[in-house]
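Read off the chains here:
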Amino acid sequence: MRPLSNLTVLDLTVNTPGPFCSMILSDLGARVIKIEPPGGDPLRKSSASMFAGMNRGKESISLNLKSDGDREVLLRLVERADIVLEGSRPGVAQRLGADYETISATNPRIVYCSISGFGQEGPWKNVPAHDVNYLAVGGYMGVQTAIEGRPWPPAILISDVASGMYAAISVLAGVVSKVSSGKGTYIDLSMTDAVLSLVGIEAQATSNEGKDGNTPNVTVIPTYGLFACADGRWLSLGIVHEDHFWQRLCDVAGLGDVSGLTFDQRVERAGEIKTRLEMTFAKRPSSEWEGELMKVDVPAIIVRDLDEALELPHFQSRGSVAEIGSLRYIAQPMKFSTGSVEPTTPPPALDEHRNAILAELGYTA
């Protein structure tokens, strides 16, 4: 039995943040009914593989919430649900009769989460934006510019995924809360606030209390970073403050003249140390460095592309990669002693479960 097998989730969201949240809940055992607009989630057409990955294990029914009949279906579903996820711009859910006030009037115990770009309140609540914009205004790209000299659009949708995870945490907190209170709750989750929270540690360095001339960002440490090897591949080196890792690296790399440097001394001589390491790693292939440094317990690992990562024996042994038919999925990173939470069923076709859901609600043919 999966941990959330007693929960039912109505997911009115499309694209990434909400579906990423309900994917987590579904893998953990919740019944997720994906309520799609006419024509379906746009992600079905724009990125079928992303859609498949985030919507495995869910049921699908298409409802036109501009019609009285379909709004009635939604409210009947709400009577049996525990969680509702909504991801429209502020005001849209209210116009469709799917807002918290309407939903909670039908089921006062509902936990309702609205995921939006800038939140339900504030001067920018209706400003249009996507991931790159949230990262720009939320401080992420400012930190990146300070370190790299300019901002870059990241390879993954950071704000989308982060807000999806925060939404999962939030709704489960709401479910726990109603056990004692008997009442549901409304959650206003801002994607930009999610970005801001991710750079919160960096913010301490610029706070009035934290202006001590230091920064918690590890990129100022010469022994923390990426180094090109003789075979053209990159090696990640993860030595932060640990003197014992540094000494072992120096023993393997033939850098005995600097092996006694402390962390502070290494940071003071950062330019020199980094240049020495770049020259040293460039002399041998990455596989040799990874093998030898792993043997002496130094954090050094080759940069692998996604296909290589998925084939690693380590991930295979942990069941981190699941296959359903011809599709390959990434499983949840947590393991439960009570049983597997790996995905087991593929994503639904649009409106696939309409008849079964309507019959369950008491509708006749």
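The coordinates are above.
In this report, we go over the structure that sits alongside the text. (Residues numbered from 1 in each chain as written. Predicted model: local features only at pLDDT ≥ 70, side-chain atom pairs only at ≥ 80, totals over all residues. Heavy atoms only, no water.)

1. Comments concerning the sheet that holds strand β2 (residues 31-36)
Next, step 1: Spatially, six strands are ordered β3-β2-β1-β4-β5-β6 in an open sheet, and the strand pairing comes out parallel. Looking at which strands have only one partner, the edges of the open sheet turn out to be β3 (59-62) and β6 (185-190). Strand-to-strand twist in this sheet, taken as the mean axis angle between neighbours without regard to direction, amounts to 20 degrees.
Next, step 2: Sheet topology note: the strand β1 (residues 8-11)/strand β4 (residues 83-86) ladder contains three bridges and is parallel. Following the sheet pairing, Asp-11 is matched in β4 by Leu-85. (Pairing = 2+ DSSP bridges. Helix = DSSP H or I, 4+ residues; strand = E, 2+ residues; numbered from the N terminus. Axes fitted to C-alpha atoms, helices over the stretch in contact; angles between N-to-C directions.)

2. Description of helix α4 (residues 68-80)
Next, step 1: Under the 1.5 Å per step criterion, the end-to-end length of α4 is 19 Å for 13 residues, consistent within 8% with the ideal 18 Å.
Next, step 2: Along α4, the residues that are buried comprise Asp-70, Val-73, Leu-74, Leu-77 and Val-78. For α4, the buried positions fall inside an angular range of 145 degrees around the axis, keeping them on one side. In α4, the exposed positions angled more than 90 degrees off the buried face are occupied by Asp-68 and Glu-79.
Next, step 3: Packing partners of the buried residues in α4 comprise β1, β2, β3, α6 (100-106) and α18 (354-360). (Expected span 1.5 Å × (residues − 1). Buried < 20%, exposed > 50% of the residue type's maximum accessible area, 1.4 Å probe, protein only. Arc of directions from axis to C-beta. Contact = heavy atoms within 4.5 Å.)

3. Regarding the pairing of strand β7 (residues 224-228)
Next, step 1: Sheet analysis places β7 next to strand β8 (residues 234-238), joined by five bridges and oriented antiparallel. The residue bridging Gly-225 from the neighbouring strand is Leu-237, located in β8.
Next, step 2: Between β7 and β8, which follow one another and run antiparallel, lie five residues, and Gly-232 among them has a positive phi close to 85 degrees.

Keep in mind these values describe shape, not function.
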